[in-house]
Amino acid sequence: MSTTFKFAVFIGLLITNTFQVSFSSVISTGDFNKDFSATWSPSHVYTTADGRTRSLKLDQESGSGFASNQMFLFGQIDMQIKLVPGHSAGTVVAFYLSSDQPKRDEIDFEFLGNVSGQPYILQTNVYADGNDDREERIYLWFDPTKNFHTYSVLWNLHQIVFMVDRIPIRLYRNHADKGVAYPRWQPMSIKASLWNGDSWATRGGKDKIDWSKGPFIASFRNHKIDACPWNGNPRFCRAESSTNWWNKERFSTLTSTQRRWFKWVRLHHMIYDYCQDNKRFQNNLPKECSLPKY
């Protein structure tokens, strides 16, 4: 059996066994003009006539960004993204959820541009009650600038799952009962941005943005918001119901197929895990590092 065929079979199994949802809870229209508003440099935000695709531009004048018109507490968010092609060193494309509070909660995808020919780095991070320093980094196993790929967050009472094309790449478990902060009370908006991070993003800031290669463009399409709209009552979103499918027990951990993919990512593509950085934490790793992920 060829490697390609095996991969296709595993993808099929993954999709079959991954999160099967009730469409009754899908609240997005798929139209950026209805679901999102430009929040940073509207002149650098471009949307197709049908509202289905949106692009962000970064140049020497400004970066750009947009945010959802609603806030949500738990659910699954999918976004297809095509990243900045070519020499993208110093650029950062971010797709994330944020509560925008002093002790904010945040769930981050950050795509760190690189010198042409080098692989993109995907950094994920979780803020809980204002605390961060929870970064993980992987190399993607494909060129994310050639085609659109789906980046997803499943966020429920049990866990946060980061996914790339339905493959789980990171888990952050709810261990609040053991004193570990977990985003569970504050609603979050969905955001995306493209900005200049050349002070840190590429080789620790050694590779700066080459503005002659700009403007830099990242594109977004086919978003799906299957989440609980915030109405001021967290109990409504925390309840287990047919609409709040994400809180059901079967979504409290990964399936056996998902666990195999998760281990594959960590074995072959992970390049940084805060839970292995004893120097950074002076041999006092965060508490969740010694607790089960699933």
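Residues numbered from 1 in each chain as written. Predicted model: local features only at pLDDT ≥ 70, side-chain atom pairs only at ≥ 80, totals over all residues. Heavy atoms only, no water.

Trainee: What's the story with the overall build of the protein in this structure? I'm lost.
Mentor: Helix and strand content of the protein: four helices and 15 strands. Over its C-alpha trace the protein gives a radius of gyration of 19 Å, about what one expects of a compact globule, namely 19 Å for 294 residues. Projected onto the principal axes, the alpha-carbon positions of the protein cover approximately 50 × 50 × 45 Å. Evaluated residue by residue, the protein yields a buried proportion of 53% over its 294 residues. Within the protein, counting contacts between residues at least 6 apart in sequence, those at least 24 apart form 68% of the total. Surface accessibility of the protein: about 13400 Å² in total, with carbon and sulfur atoms responsible for 49%. Side chains of the protein give 35 positive and 28 negative charges; the mean places of these two sets differ by 5 Å. (Helix = DSSP H or I, 4+ residues; strand = E, 2+ residues; numbered from the N terminus. Rg over C-alpha atoms; globule rule 2.2 N^0.38 Å. Buried < 20%, exposed > 50% of the residue type's maximum accessible area, 1.4 Å probe, protein only. Contact = heavy atoms within 4.5 Å. Areas by Shrake-Rupley, 256 points an atom, 1.4 Å probe, with all protein chains shown as cover. Lys, Arg positive; Asp, Glu negative; His and termini not counted. Charge placed at Lys NZ, Arg CZ, Asp CG, Glu CD.)

Trainee: Is there a simple way to explain the sheet that holds strand β2 (residues 45-47) in this structure?
Mentor: Adjacent strands of a sheet form backbone hydrogen bonds with each other and so pair up, either parallel or antiparallel. Pairing in this open sheet of seven strands is antiparallel, and the strands run β2-β3-β14-β5-β10-β11-β12 from one edge to the other. The outermost strands of the open sheet, each flanked by one partner alone, are β2 and β12 (167-173). Across the sheet, the axes of successive neighbouring strands diverge by a mean angle of 20 degrees, strand direction being ignored. Relative to strand β14 (residues 216-229), strand β5 (residues 72-82) runs antiparallel, the two being bridged by eight bridges. Following the sheet pairing, Asp78 is matched in β14 by Lys224. (Pairing = 2+ DSSP bridges. Axes fitted to C-alpha atoms, helices over the stretch in contact; angles between N-to-C directions.)

Trainee: Teacher, can you tell me more about the state of the cysteines here?
Mentor: A covalent bond between the sulfur atoms of two cysteines is referred to as a disulfide. Using the criterion set out here, one finds two disulfides in the structure. In this model, Cys228 is linked to Cys237 through a disulfide, with the two sulfur atoms separated by 2.1 Å. The chirality of the disulfide connecting Cys228 with Cys237 is left-handed, given an S-S dihedral of about -80 degrees. Each member of the pair, Cys228 as well as Cys237, carries the same accessibility label: buried. Residue pairing for Cys275: its cysteine sulfur links by disulfide to Cys289, the two sulfurs lying 2.0 Å apart. Negative torsions about the S-S bond denote left-handed disulfides, and the value of about -80 degrees found for Cys275 with Cys289 makes this one left-handed. Taken as a pair, Cys275 in the segment after β15 (270-273) and Cys289 in the segment after β15 lie far apart in primary sequence, 14 residues in all. The class for Cys289 is partly exposed, based on a relative accessible area of 24%. (Disulfide = S-S within 2.5 Å.)

Trainee: Any chance you could explain unusual backbone geometry here in plain terms?
Mentor: Apart from glycine, the bulk of residues carry a negative phi angle, and the bulk of peptide bonds sit in the trans form. Each neighbour pair has its own omega, and for Gly214 with Pro215 the value is 0 degrees, a cis peptide bond. Secondary-structure assignment places Pro215 in the loop between β13 (189-196) and β14. For Ser41, which is not glycine, the phi dihedral falls at a positive 50 degrees. Along the polypeptide, Ser41 turns up in the loop between β1 (36-40) and β2.

Trainee: Any chance you could explain the nonpolar core here in plain terms?
Mentor: Most often, soluble globular proteins keep nonpolar side chains buried together rather than apart. The biggest cluster of nonpolar side chains holds 65 residues, and the ones touching the most others in it are Phe109, Phe111, Tyr151, Trp155, Ile160 and Phe220. Look past the residues within four positions of Tyr151 in its chain and what remains in contact with it is Ile77, Asp78, Met79, Ile81, Phe95, Phe109, Phe111, Leu140, Phe142, Pro144, Met163 and Val164. (Core = buried A, V, L, I, M, F, W, Y, C linked by side-chain atoms within 4.5 Å.)

Trainee: Where do I start with the side chain of Asp277 in this structure?
Mentor: For Asp277, the position within the fold is in the segment after β15. Polar contacts involving the side chain of Asp277 include one to the main-chain amide nitrogen of Arg280, which spans 3.0 Å. Beyond its immediate chain neighbours, meaning those up to four positions away, Asp277 contacts Tyr272 and Leu285. (Polar contact = N/O pair within 3.5 Å; in protein donor to acceptor, adjacent residues only side chain to side chain.)

Trainee: So what exactly am I meant to see when it comes to empty space enclosed by the protein here?
Mentor: Unfilled space is identified by rolling a water-sized probe across the atoms. Applying the stated criterion to the full structure yields two cavities of 30 Å³ or more. Reported here for the largest cavity is a volume of approximately 100 Å³. Surrounding the largest cavity, Glu136, Arg170, Leu171, Tyr172, Arg173, His175, Tyr274, Cys275, Glu288, Leu291, Pro292 and Lys293 form its lining. With four residues, β12 is the single largest residue contributor to the lining of the largest cavity. (1 Å grid on protein atoms, 1.4 Å probe; cavity = no way out; pocket = protein on both sides within 12 Å on 5 of 7 lines; lining within 4 Å. Points joined across faces, edges and corners; volume = space filled by probe spheres on them.)

Trainee: Help me understand the pattern of salt bridges in this model?
Mentor: Think of it this way: side chains of opposite charge can pair up when their charged atoms draw near. Applying the stated criterion across every chain yields a total of 13 salt bridges. Note that Glu106 and Arg104 form a salt bridge whose closest N and O atoms lie 2.8 Å from each other. You can call Arg104 partly exposed: its relative accessible area is 28%. For Arg134, the salt bridge identified is with Glu288, shortest N-O distance 2.6 Å. Residue Arg134 is found in the loop between β8 (121-127) and β9 (136-139), and its partner Glu288 is found in the segment after β15; the two are separated by 154 residues along the sequence. (Salt bridge = Lys/Arg side-chain N within 4 Å of Asp/Glu carboxyl O.)

Trainee: Is there a simple way to explain the UniProt feature "active site" (unreviewed entry) in the protein in this structure?
Mentor: Here the UniProt-annotated "active site" (unreviewed entry) positions come out as Glu106 and Glu110. Along the polypeptide, Glu106 turns up in strand β7 (residues 106-112). Excluding residues that lie within four positions of it along the chain, Glu106 makes contacts with Tyr96, Leu97, Ser98, Asn125, Val126, Tyr127 and Met188. Reaching out from Glu106, the side chain makes a polar contact with the side chain of Ser98 at a distance of 3.2 Å. One can find Glu110 in strand β7. The class of Glu110 is buried, set by a relative accessible area of 13%. Residues within four places of Glu110 in sequence aside, it is in contact with Val92, Val93, Ala94, Ile121, Leu122, Gln123, Trp195 and Trp200. (UniProt positions renumbered as here; feature names shortened; annotations may be inferred.)

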